[in-house]
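# Structure at a glance
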Amino acid sequence: AQTVTQSQPEMSVQEAETVTLSCTYDTSESNYYLFWYKQPPSRQMILVIRQEAYKQQNATENRFSVNFQKAAKSFSLKISDSQLGDTAMYFCAFISYNNNDMRFGAGTRLTVKP
Amino acid sequence: EAQVTQNPRYLITVTGKKLTVTCSQNMNHEYMSWYRQDPGLGLRQIYYSMNVEVTDKGDVPEGYKVSRKEKRNFPLILESPSPNQTSLYFCASRSMLGSYEQYFGPGTRLTVT
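Everything in this summary refers to the structure shown in the same document. (Residues numbered from 1 in each chain as written. Chains lettered and ligands numbered in written order. Predicted model: local features only at pLDDT ≥ 70, side-chain atom pairs only at ≥ 80, totals over all residues. Heavy atoms only, no water.)

Below, the discussion takes up the sheet that holds strand E7 (residues 65-66) of chain B. Residues and elements named next belong to chain B. Judged by pairing direction, the sheet is antiparallel, and its four strands sit side by side in the order E1-E3-E8-E7 without closing on themselves. Of all the strands in the sheet, the pair left with one neighbour each is strand E1 (4-7) and E7. Of the strand pairs in this sheet, E1 and strand E3 (residues 19-25) are connected by four bridges, and their pairing is antiparallel. What sits directly across from valine 4, in E3, is glutamine 25. (Pairing = 2+ DSSP bridges. Helix = DSSP H or I, 4+ residues; strand = E, 2+ residues; numbered from the N terminus.)

Take the interface of chain B and chain A next. Interfaces are often sized by the accessible area lost when the parts come together. Across the contact, 27 residues belong to chain B and 22 residues belong to chain A. Note on chain B versus chain A: buried area summed over both sides is about 1,900 Å², and carbon and sulfur give 48% of it. Three residues, Leu43(B), Tyr100(B) and Phe104(B), lead the burial of chain B against chain A; their summed loss comes to 29% of the area buried on that side. At the surface where chain B touches chain A, the tally comes to seven residue pairs in polar contact (both at pLDDT 80 or more). Counting only elements with at least two residues in the side of chain B that touches chain A, the list comes to strand E4 (31-38), strand E5 (42-51) and strand E9 (87-94) of chain B. Here the side of chain B that touches chain A gets five residues from one element, more than from any other, and that element is E5(B). Classifying every residue of the side of chain B that touches chain A by side-chain character gives 13 nonpolar, nine polar and five charged. (Contact = heavy atoms within 4.5 Å. Buried area = accessible area lost by both parts, 1.4 Å probe. Polar contact = N/O pair within 3.5 Å; in protein donor to acceptor, adjacent residues only side chain to side chain. Nonpolar A, V, L, I, M, F, W, Y, C, P; charged D, E, K, R; others polar.)

What follows is the structure in structure tokens.
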């Protein structure tokens, strides 16, 4: 079974600084997607960024980028120029092409300090 | 506006009193699912549906029922709620084609006393 591990329950960063959230996963599948979702205090789940496993190039979305290491099964999220609005819980998620069960990590609570 | 809606957003109930949480999507998605979110555990899938009249168990289906009689609706039924079902519940949907991105509802905070 696929598992997703986020080893940092809580993190904090100063406004305008850069922070990296870690995620590792375990799978025997070759074709899959990885996602980072943001959950602010409103509880809404918001997609931050996604990565297809077959693409070697790391995905980027404005201030958000990933470091995807397929061999190491690692998928970290880097937030540059952190803003107060980035304060949220962040979930790493995995889904394979052959499965209909999206697996989530336990989450990392990020606090951006002024 | 493309969205997934859930009702109610908040519910406090007592042990054993049957309840239904509704979920509806307007994106014509084939796939719909229910998750529960608990501290330190992330989101865990309860049930999912790949199309009308097709449902299957996720990781934590005990104590829950679902039905998919229409493509847009996927209600979650708790026949006899217990305190261990106190949680934050999310409905989600996605297309069976494309990027596998799931669209989430706003969540339902359920408390069973």
